[in-house]
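Examining the three-dimensional arrangement
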Amino acid sequence: MNVKNTNYTSIEQIRNQLVPGQVNSPESREAKAAQSFADILTGTANQIKFSKHASQRLETRNIDMSEEQKARLQDATSQAKAKGMKESLVMVDNLAFIVNVKSNTVITAVNDTDHAVFTNIDGAIIN
């Protein structure tokens, strides 16, 4: 059954109304979709995550991290990856984090580092 009804507006027509002059060839749509997906994938792959254990430690120890501290933690994790580290101690201000560098995952968090002992790490970054 082939029904041709011109009373409905296509998605491309609406998109052109919202963003005039946009090229809507199938090739440009595929390129934009692929680029957007790649950007999203890269952005989320490089983002630091907190394990369930680390999240619990942050909560029970009343550790509130600022966005600036999270950015420094992310930066230190990137530095550790560049140096080939696998399990790293990252110090941000008075907070200590054990990070699985390969998966960008914080394993645990400590805010009392006066007499702390850290084992099974292959490097440390003080940021």
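Let me begin by describing the structure that accompanies this report. (Residues numbered from 1 in each chain as written. Predicted model: local features only at pLDDT ≥ 70, side-chain atom pairs only at ≥ 80, totals over all residues. Heavy atoms only, no water.)

When helices and strands are tallied, the protein chain shows four helices and five strands. When the helices and strands of the protein chain are listed from N to C terminus, the series reads α-α-β-α-α-β-β-β-β. Taking the intrachain contacts of the protein chain between residues at least 6 apart in sequence as the baseline, contacts between residues at least 24 apart amount to 53%. Entry remark: accessible area of the protein chain is about 9,200 Å², with carbon and sulfur atoms responsible for 53%. (Helix = DSSP H or I, 4+ residues; strand = E, 2+ residues; numbered from the N terminus. Contact = heavy atoms within 4.5 Å. Areas by Shrake-Rupley, 256 points an atom, 1.4 Å probe, with all protein chains shown as cover.)

Here the focus is the nonpolar core. Counting 18 residues, the largest nonpolar core has Ile63, Met65, Leu73, Val90, Phe97, Val99 and Val106 as its most contacted members. Where this core is concerned, the elements lending two or more residues are helix 3 (52-60), helix 4 (67-82), strand 2 (87-92), strand 3 (95-100) and strand 4 (105-110). Once residues within four sequence positions are removed from consideration, Leu73 is found in contact with Ile48, Phe50, Met65, Val90, Val92, Phe97, Val99 and Val106. Core analysis: the next-biggest nonpolar cluster, separate from the first, contains five residues, Leu89, Met91, Ile98 and Val110 among them. (Core = buried A, V, L, I, M, F, W, Y, C linked by side-chain atoms within 4.5 Å. Buried < 20%, exposed > 50% of the residue type's maximum accessible area, 1.4 Å probe, protein only.)

The next subject is unusual backbone geometry. Although it is not a glycine, Asp93 adopts a positive phi angle of roughly 55 degrees. For Asp93, a relative accessible area of 45% translates into the label partly exposed. Look at Asn104: it is not a glycine, yet its phi comes out positive at around 55 degrees. If you trace the backbone, Asn104 turns up in the loop between strand 3 and strand 4.

The next subject is the pairing of strand 4. With five of six residues buried, strand 4 lies mostly within the body of the structure. The pairing of strand 3 with strand 4 spans five bridges and is antiparallel. Following the sheet pairing, Ile98 is matched in strand 4 by Thr108. Taking the residues that link successive antiparallel strands as the turn, the strand 3-strand 4 hairpin has four residues, and the phi of Asn104 there is positive, at about 55 degrees. (Pairing = 2+ DSSP bridges.)

A separate point is helix 4. Over its 16 residues, helix 4 extends 23 Å from the first C-alpha to the last, a length consistent with the 22 Å expected when each residue adds 1.5 Å. Taken together, the buried positions of helix 4 are Gln69, Arg72, Leu73, Gln74, Ala76, Thr77 and Ala80. In this fold, the buried residues of helix 4 make contact with strand 1 (49-50), strand 2, strand 3, strand 4 and strand 5 (123-126). Just downstream of helix 4, Gly84 is the residue with a positive phi angle, here 85 degrees. (Expected span 1.5 Å × (residues − 1).)

Take it as geometry only, folks, not as evidence of what the structure does.
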